[in-house]
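Working through the structure, step by step
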Amino acid sequence: MARFRAQPLAQINIALEALLNAHLAVEDAGYVAVDLYDGCMLYDFDQQRMMLCDLDEYRPGPFTLEGDRLPGSSRYMAPEEFVRGSLIDIRTTVFNLGRALRLLLDAGDEETQWRGTPAQLAVIVQATAREPENRLPSVSALVDAWQAAGEQAG
């Protein structure tokens, strides 16, 4: 992770774009992310390319959480993923992706060394709102907001 975070911002942003684009396909297929965390993201430093793996928990959505929690790293998980009976839908995936964006664009694990722009951070804040109804409503909306925030930076 430290090596990835040390890459130039342009390379990191290309990798994040690949992560988001993959989840547009997930959304289009009617699935929601389950157990998305940095261990699912492999970065090929030679090819400067982000690859995803270990996505076997993804499920058709929306669905109701029947257990006490979903599998995953709590650093990436939405609040509803810890509550039996809660609705898991595309807004949960938006939260997961928002956390990934936040963690991958920070220079450290404490989330005190933000490397992105204020506009990007504002998108992340909206994507990771505690209440699902306050989040961006879809991966597509997240991608649109993220791209607009990137254009403000450039």
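Look up: the structure comes first, before these words.
Quick summary incoming for the structure in this document. (Residues numbered from 1 in each chain as written. Predicted model: local features only at pLDDT ≥ 70, side-chain atom pairs only at ≥ 80, totals over all residues. Heavy atoms only, no water.)

A tally of helices and strands in the protein chain yields five helices and six strands. Reading the protein chain from its N terminus to its C terminus gives the helix and strand order α-α-β-β-β-β-β-β-α-α-α. Over its C-alpha atoms the protein chain spans a radius of gyration of 15 Å, differing by no more than 12% from the 15 Å that the globule rule assigns to 154 residues. With respect to the principal axes defined by its C-alpha atoms, the protein chain has extents near 40 × 30 × 30 Å. Burial statistics for the protein chain: of 154 residues in total, 44% are counted as buried. Long-range contacts, defined here as pairs at least 24 residues apart, represent 58% of the contacts in the protein chain between residues at least 6 apart. (Helix = DSSP H or I, 4+ residues; strand = E, 2+ residues; numbered from the N terminus. Rg over C-alpha atoms; globule rule 2.2 N^0.38 Å. Buried < 20%, exposed > 50% of the residue type's maximum accessible area, 1.4 Å probe, protein only. Contact = heavy atoms within 4.5 Å.)

By secondary structure assignment, the location of His 23 is in helix H2 (residues 9-28). A distance of 2.6 Å separates the side chain of His 23 from the side chain of Tyr 58, its partner in a polar contact. Ignoring anything within four residues of it in the chain, the contact list for His 23 reads Ala 33, Leu 36, Leu 52, Tyr 58, Thr 93, Leu 97 and Val 139. (Polar contact = N/O pair within 3.5 Å; in protein donor to acceptor, adjacent residues only side chain to side chain.)

Next up on the list: helix H4 (residues 118-127). Of all the positions in H4, only Ala 119, Gln 120, Val 123, Ile 124 and Ala 127 are classed as buried. With its buried residues spanning 145° around the axis, H4 presents them on a single face. Opposite the buried face of H4, at more than 90 degrees from it, the exposed residues are Pro 118 and Val 125. (Arc of directions from axis to C-beta.)

Applying the stated criterion to the full structure yields 10 salt bridges. Between Arg 91 and Asp 89 there is a salt bridge whose closest N-O contact spans 2.8 Å. Residue classification places Arg 91 among the partly exposed positions, given a relative accessible area of 22%. On the accessibility criterion, Asp 89 (10% relative accessible area) is buried. Residues Glu 111 and Arg 99 are paired through a salt bridge, measuring 2.8 Å at the closest nitrogen-oxygen approach. Placement of the pair is Glu 111 in the loop between helix H3 (90-104) and H4 and Arg 99 in helix H3, with a sequence separation of 12 residues. Classification of Arg 99 as buried rests on a relative accessible area of 15%. (Salt bridge = Lys/Arg side-chain N within 4 Å of Asp/Glu carboxyl O.)

Before going further, it helps to spend a moment on the nonpolar core. Ranked by size, the top nonpolar core spans 40 residues in total, and within it Met 41, Leu 142 and Trp 146 carry the most contacts. Of all the secondary-structure elements, those providing two or more residues to this core are H2, strand E2 (41-44), H3, H4 and helix H5 (139-153). No other element matches H3, which puts seven residues into this core. (Core = buried A, V, L, I, M, F, W, Y, C linked by side-chain atoms within 4.5 Å.)

Along the polypeptide, Leu 136 turns up in the loop between H4 and H5. Dropping the residues within four chain positions of it, Leu 136 is found in contact with Arg 91, Val 94, Val 123, Gln 126, Ala 127, Ala 141, Leu 142 and Ala 145.

Here we come to the layout of surface pockets. When its volume is computed, the largest pocket comes out at roughly 190 Å³. Surrounding the largest pocket, Asn 13, Glu 17, Leu 20, Asn 21, Gln 120, Val 143, Trp 146, Gln 147 and Gly 150 form its lining. Mapped by element, the contributors of at least two residues to the lining of the largest pocket are H2 and H5. (1 Å grid on protein atoms, 1.4 Å probe; cavity = no way out; pocket = protein on both sides within 12 Å on 5 of 7 lines; lining within 4 Å. Points joined across faces, edges and corners; volume = space filled by probe spheres on them.)

Enumeration according to the criterion identifies two aromatic pairs in this entry. Plain terms: the ring middles of Phe 4 and Tyr 43 are 5.0 Å apart, the flat faces sit at 70° to each other, and that makes the pair edge-to-face. One end of the pair, Phe 4, is in helix H1 (residues 2-5); the other, Tyr 43, is in strand E2, and 39 residues separate them in sequence. Here Phe 4 and Tyr 43 have matching classes, each one buried. When the centroid spacing of 4.9 Å and the interplanar angle of 80° are considered together, the rings of Tyr 43 and Phe 45 count as edge-to-face. We classify Tyr 43 as buried; its relative accessible area is 14%. (Phe/Tyr/Trp six-rings, centres within 6.5 Å; stacked < 30°, edge-to-face > 60°.)

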